[in-house]
Amino acid sequence: MWGRQKKARQILARLAPDSTDERVKDCYLIGDDSSWNVKVRNNRLKVKQLVAEDQGFERWSSDRPRSAKATPSPFDELFEQLRLDRPQRGKSYDLRKAVLRLGPESATRAVFVVKHRRRHTIGGLRAEATDIKIIETDEVLHTLAIEGDDLDELVALREKLGLSETLNTAVHEAIDPTFDE
């Protein structure tokens, strides 16, 4: 859910006063098929595929392949182009330089971000309020996400937070400069 969501964040903090903070750097590798969410964090590729949607919630499968052969197409070629096996073999590696090798004709757009997340647990559900800074533009986006296995609990929490009518947009779509809802 995108936007400052100030009231929802306040409600979340009251529902789950204990939280953890985290700062992470990601490079999203965005293609034309938004059912795939691909990023590199700590020189490791993470590939997610949208497998289901229900009542505004999305379910994603997730994998962290260690080789091009274990990576689903077309990301196997991207794995090789970026030479993501180098850090695993103890070789020096610079992701920014690797991304530049993709070139302007590449169908993949690289977007570097820094995320500041505050994570909460509410019963069996997880929630996080995140501020995402897009490095190239200095733009900061604000998100609130809830996740868990029980759809009824998710719907109830979304309602408590006042977000029932808020559109759910995946991170890689929101930061993609070419994405048009």
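All values derive from a computational prediction rather than experimental measurement.

## Brief notes about unusual backbone geometry
Glycine aside, the phi torsion of most residues is negative, and most peptide linkages are trans.
Right, on to step 1. The omega torsion across Ser 73 and Pro 74 is 5°, close enough to zero to call that bond cis.
Right, on to step 2. Position of Pro 74 relative to the elements: it lies in the loop between β4 (57–63) and α2 (75–82).
Right, on to step 3. Despite not being glycine, Asn 43 shows a phi value in the positive range, around 60°.
Right, on to step 4. Positive phi, normally seen in glycine, also occurs at Arg 83, with a value near 55°.
Right, on to step 5. The topology assignment puts Arg 83 in the loop between α2 and α3 (95–100).
Right, on to step 6. Take Arg 83: its relative accessible area is 38%, and that puts it in the partly exposed class.

## A closer look at the sheet that holds strand β3 (residues 44–54)
Right, on to step 1. Strand order in the open sheet made by the seven strands is β4-β3-β2-β1-β5-β6-β7, with antiparallel pairing throughout. In this open sheet, the two edge strands, each paired with only one partner strand, are β4 and β7 (140–147). Strand-to-strand twist across the sheet, computed as the mean angle between neighbouring axes with direction ignored, equals 35°.
Right, on to step 2. For strand β1 (residues 19–30) and strand β5 (residues 109–122), the ladder comprises 12 bridges, and the chain directions are antiparallel. Looking at the pairing, Val 24 lines up with Lys 115 of β5.

Parameters at a glance
- Residues numbered from 1 in each chain as written.
- Predicted model: local features only at pLDDT ≥ 70, side-chain atom pairs only at ≥ 80, totals over all residues.
- Heavy atoms only, no water.
- Helix = DSSP H or I, 4+ residues; strand = E, 2+ residues; numbered from the N terminus.
- Buried < 20%, exposed > 50% of the residue type's maximum accessible area, 1.4 Å probe, protein only.
- Pairing = 2+ DSSP bridges.
- Axes fitted to C-alpha atoms, helices over the stretch in contact; angles between N-to-C directions.

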